[in-house]
Amino acid sequence: MAPPKKSKKARRESKKCKSMSVVPIEPRATESDWWDSFWQKNTQIPGSAVPTDEAEGFKHFFRVSKQTFDYICSLVRQDLVSRPPSGLINIEGRLLSVEKQVAIALRRLASGESQVSVGAAFGVGQSTVSQVTWRFIEALEERAKHHLRWPDSNRMEEIKSEFETLYGLPNCCGAIDATHIIMTLPAVQTSDDWCDQESNYSMFLQGVVDDEMRFLDIVTGWPGGMTVSRLLKCTGFYRNCEAGDRLNGNIRILSEGVKIREYIVGGTNYPLLPWLITPCDHNDISSSMSGFKKNHDSARLLAVRAFSQLKGTWRILSKVMWRPDKRKLPSIILVCCLLHNIIIDSKDKLQPDVALSSHHDPGYGEQCCKQVDPSGEAMRENLAKHLQQSKEKDSSN
């Protein structure tokens, strides 16, 4: 007997199944060999300054060693794989691995190149670079918090010991400075608040660094049109210091019986306070104050060099940002500071040409703050006398 005829609906379902069975459905492969293809593609450029050694070449592109890169991947892996990829695939249709996503984000931050240029180097589109970079920033901002925090008492004693050994400054806990992150803004968002002294639209970044140029405290998000002294007074760091909740550790009693509290050093654009010692800007200063100023300048340069290294390593901060989202920009800046600290904590060595060769704020003159706290002035005098007496004692021995 002939088999019963199938209904039209059954025949349509049968045809659909046959057509689908021609190409079996497989899970998308993850692109794991991204480095080999990236290396081959980006080292064949004539006149390229990329080192021939692969390990150094890796640092050239991503600023970190392969070992530190793997550590960064471990920090953000859970976040990058737990969220739907939302079409994060390369031109061959393979899902981007966590490693390739981190590489794209680091290259974008390190080079400051356009999303189109970064995408071309990895074989992905502009929107993918944008999406990957922001996902990475959100993840690292949350997962790497422990790399940027105020030191505990034991670590602070080590920092103070180094400052005294290197610069002759007893009980010094760090150096402070600030820099401008320059940007262009749509006409509807421009205002005098964001227009700084050099007629650029910019956002401030202030940081306190230790003896190894590691950031201990940062603040950003404030308009570049402010003065540095006003910026300081808007920060939680200032409020904590004024309230005695920070820089409140052991008081140092010098051989002369003078008490020296904890403090940091800063430039003349900062006010002279009991916990923030700035240099004397008078022309007719004493010999003891002149000697103190040299040591003070050397210590303060740690913060200047830290910002030059930060903006040289993560060039997105040293280039003019094209209409950034001012709500997201602080997160980008923070993540660059976290990466800066991770490099130091991992004992990675940057290539010698990475840091900016010029000042981190080229074209910006230092605005002199006239605010002088009598207690801060007395402490500066005591430090200058102590330093001179120490030098005289050393020379007599």
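Residues numbered from 1 in each chain as written. Predicted model: local features only at pLDDT ≥ 70, side-chain atom pairs only at ≥ 80, totals over all residues. Heavy atoms only, no water.

Describing the nonpolar core
Among the nonpolar cores identified, the biggest contains 106 residues, and Phe62, Val102, Leu109, Phe122, Phe136 and Trp275 are the most heavily contacted of them. Counting residues per element, this core draws most heavily on helix α12 (residues 329-345), which supplies 10 residues. Ignoring any residue separated from it by four or fewer positions in sequence, one finds valine 102 in contact with Phe69, Ile72, Cys73, Val76, Leu80 and Phe136. (Core = buried A, V, L, I, M, F, W, Y, C linked by side-chain atoms within 4.5 Å. Buried < 20%, exposed > 50% of the residue type's maximum accessible area, 1.4 Å probe, protein only. Helix = DSSP H or I, 4+ residues; strand = E, 2+ residues; numbered from the N terminus. Contact = heavy atoms within 4.5 Å.)

Let's talk about the environment of cysteine 234
Within the secondary structure layout, cysteine 234 lies in the loop between α9 (228-233) and α10 (236-243). Considering only alpha carbons, one finds cysteine 234 and tryptophan 222, 12 residues apart in sequence, at a separation of 8.8 Å. Apart from residues no more than four positions distant in its own chain, cysteine 234 is found in contact with Trp222, Met226 and Arg239.

As for a negative patch on the surface
A cluster of acidic residues, Asp36, Asp53, Glu54 and Glu56, forms a negative patch at the surface. Exposure remark for aspartate 53: the relative accessible area of 41% places this residue in the partly exposed category. (Patch = residues over 30% accessible without salt bridge, like charges linked within 9 Å, V, L, I, M, F, W, Y side chains within 5 Å. Areas by Shrake-Rupley, 256 points an atom, 1.4 Å probe, with all protein chains shown as cover. Salt bridge = Lys/Arg side-chain N within 4 Å of Asp/Glu carboxyl O. Lys, Arg positive; Asp, Glu negative; His and termini not counted. Charge placed at Lys NZ, Arg CZ, Asp CG, Glu CD.)

Concerning the packing of helix α4 (residues 66-82) against helix α5 (residues 98-111)
At a minimum axis distance of 9 Å, the contact between α4 and α5 shows a crossing angle of 110°. Here α4 is positioned roughly perpendicular relative to α5, judged by the angle of their axes. The interaxial crossing formed by α4 with α5 has right-handed handedness. In this structure, α4 uses Phe69, Ile72, Cys73, Val76, Arg77, Leu80 and Val81 to contact α5, whose residues at the interface are Val98, Glu99, Gln101, Val102, Ala103 and Leu106. Class assignment for the residues of the contact of α4 with α5 results in 10 nonpolar, one polar and two charged. (Axes fitted to C-alpha atoms, helices over the stretch in contact; angles between N-to-C directions. Parallel < 35°, antiparallel > 145°, perpendicular 65-115°, else oblique. Left-handed = near helix turned anticlockwise from the far one by under 90°. Nonpolar A, V, L, I, M, F, W, Y, C, P; charged D, E, K, R; others polar.)

Structural notes on the pairing of strand β4 (residues 201-209)
Taking burial as the measure, the nine residues of β4 include eight buried ones, the bulk of the element. Across nine bridges, the pairing between strand β3 (residues 172-184) and β4 is antiparallel. Within β4, the residue paired with aspartate 177 across the bridge is glycine 207. Of the strand pairs in this sheet, β4 and strand β5 (residues 215-223) are connected by six bridges, and their pairing is antiparallel. From the neighbouring strand, glutamine 206 faces β5, where its bridge partner is valine 219. Taken together, β4 and the strand that follows it, β5, pair antiparallel across an intervening segment of five residues, in which methionine 213 is found at a positive phi of about 65°. (Pairing = 2+ DSSP bridges.)

As for helix α13 (residues 374-396)
Taking 1.5 Å of rise per residue, 23 residues should cover 33 Å, and α13 covers 33 Å from first to last C-alpha, within 8% of that figure. Inspection of α13 places Gly376, Met379, Arg380, Leu383, Ala384, His386 and Leu387 among the buried residues, and these make up the whole buried set. Those residues of α13 that are buried are in contact with α8 (153-167), β7 (259-260), β8 (263-265), β9 (276-277) and α11 (287-313). (Expected span 1.5 Å × (residues − 1).)

Focus on the pairing of β3
Among the 13 residues in β3, 11 count as buried, and that is most of the element. For β3 and β8, the ladder comprises two bridges, and the chain directions are parallel. From the neighbouring strand, alanine 175 faces β8, where its bridge partner is valine 265.

Digging into the side chain of threonine 220
Structurally, threonine 220 is set in strand β5. Within the local environment of threonine 220, its side chain forms a polar contact with the backbone oxygen of phenylalanine 204, the two atoms lying 2.7 Å apart. Ignoring sequence-local partners within four residues, the contact set of threonine 220 consists of Met203, Phe204, Leu205, Pro330 and Ile333. (Polar contact = N/O pair within 3.5 Å; in protein donor to acceptor, adjacent residues only side chain to side chain.)

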